[in-house]
Structures are given as structure tokens and as C-alpha cells.
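Fold and geometry: a report
Listed here are the chains, written in short residue letters.
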Amino acid sequence: TMRTMSNRAEIVQEMRAKGFCLIAPAQLDAVTGIAPTSLDPLRASWDALPRDAYLRDGGRYRSRRHASYVQTPGASALADVPHRAHWQPLDYNALHGGIERWFEPVTPEIAGNDTWRQFILRVGELCAGTLAAPPERWYIEAHQFRIDTAEGIGRPTPEGAHRDGVDFVAVVLVNRRGVKGGESRVFDAHGPSGVRFTLTEPW
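Below you will find a few notes about this structure. What you see is a predicted model; the values in this text were computed from it and never measured.

A few words now on the overall build of the chain. Helix and strand counts for the chain come out as five helices and seven strands. Element order for the chain, N to C, with α for helix and β for strand: β-α-β-α-α-β-β-α-α-β-β-β. Relative to its 203 residues, the chain shows a buried fraction of 33%. At a minimum sequence separation of 6, the contacts of the chain that also span at least 24 residues come to 63%.

Attention now goes to the side chain of Ser63. If you trace the backbone, Ser63 turns up in strand β3 (residues 62–71). Discounting residues that sit within four places of it in the chain, Ser63 has contacts with Leu49, Pro50, Arg51, Asp52, Gln144, Phe145 and Arg146.

For the rest of this paragraph, the subject is the sheet that holds β3. Spatially, β4-β3-β5 is the arrangement adopted by the three strands of the open sheet, whose pairing is antiparallel. Either end of the sheet is taken by a strand with one partner, and the two such strands are β4 (79–80) and β5 (138–147).

Definitions and cut-offs
Note that residues are indexed from 1 along each chain, following the sequence as it is written. Since the coordinates come from a predicted model, pLDDT governs what is reported: local features require at least 70, and pairs of side-chain atoms require 80 or more to be given and counted, while whole-chain, interface and lining totals use all residues. Excluding hydrogens and water, the side-chain figures rest on all heavy atoms present in the structure. For the purposes of this entry, the term helix denotes a DSSP run of H or I that reaches at least four residues, the term strand denotes a run of E that reaches at least two, and both are numbered from the N terminus. To sort residues, take the accessible area from a 1.4 Å probe on protein chains only and compare it with the maximum for the residue type: under 20% means buried, over 50% means exposed, and anything in between is partly exposed. Here a residue-residue contact requires only that any non-hydrogen atoms of the pair lie within 4.5 Å. A pair of strands is treated as paired once DSSP finds two or more bridges between them.

Here it is as C-alpha cells:
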């Protein structure tokens, strides 16, 4: 069974023990210092994402934008880096690995939004807190996704079970409209065990 964490110490303990955790929207403020209502003004930007032009199954069900940052532990702000391609090796992503995917950058309105930047920074700090010796800097990619089920199926991850080839991943639900299902699955990379849950509430 999955249970949601209620404070930062519990989350760090859960991530160290299991490798993941689930944070309820009601706990977001306590964990990141950012209330869900502060994130709500960002929501409209997900309605204007360009189609993902790199879906190798030919689908038109995924739209996205992309940004890259550097975070130095203890710094009060993210550092911007020039827009770059999203790349994964084939051994992590058999369907979309091995190619440079030049997704459209996040809009200037999002890139310069203080709440967006502080949210990413706080999540990075939370992840760093799970490590005995955090690195000198984090290289961060932030993706805005929208999955459309109008053609009968939405496939957030057409690759199926895969690894992103990074140290940490945060998945945040922005909204659900007219969607059935949408189950998330987290697998153990070294065995068959895992968990299933469905994100139903924004943030």
C-alpha cells in the first residue's frame, strides 16, 4: 500500500528506505514552502504546449516544453543554462534513446516565473537532503507535459517501463480533465517488485 508523507523528515526517510515517496497536495506547503494555490496561475501554460515531434510510434497524444538549469546546494536561485537537447542512452530508453530531442523551450513567462523556479529549487533541495554527501551542483531538466486522450489512448511513456538515467525524478500532476485511469507505476530496477498508484489531485 502507498501512504502519503506528511513532513520533510518523513519524506527523506521514506526516500532513503524505498527510493521514492508520494506527497499529498495538502503537504506541499510544509515540504517545499510553496502552497498549491501559488502554483495554480501556472496551470494555463499547459494548455498551449506544442506537440512532441519525437514520438517514434507516430502518436500525437503528447505535448511538451523543456528547460534546463543548474542548482548549487545552498544557493537561493537556479542558474539558467542555454537551451539544449534532451538525450537518453539506448540502454535506458530503448524507444527514444540515442537521439537528440530538441523540444521547444518553456515560454519566457514560465522561465522567468519565480514560483516555477522556487518550486524546482525546493524539490532539488529535498532530493539533496536524502544523500549523505550531495554533489557540488545539480544538473536539472524540467519538462512540461500534456497527454491527450482524444484519439482513444494517452501514453505518457510509450517506452513502457524504463529508467531516465538520472539520480532523481519528480512527477507532479497539474490537472486531470475527462481522464479515466492514468495509473503510475514505480518499479524496482533490480527485481520484479513495484507499486501502483493514481495521481488524482492537482499538485
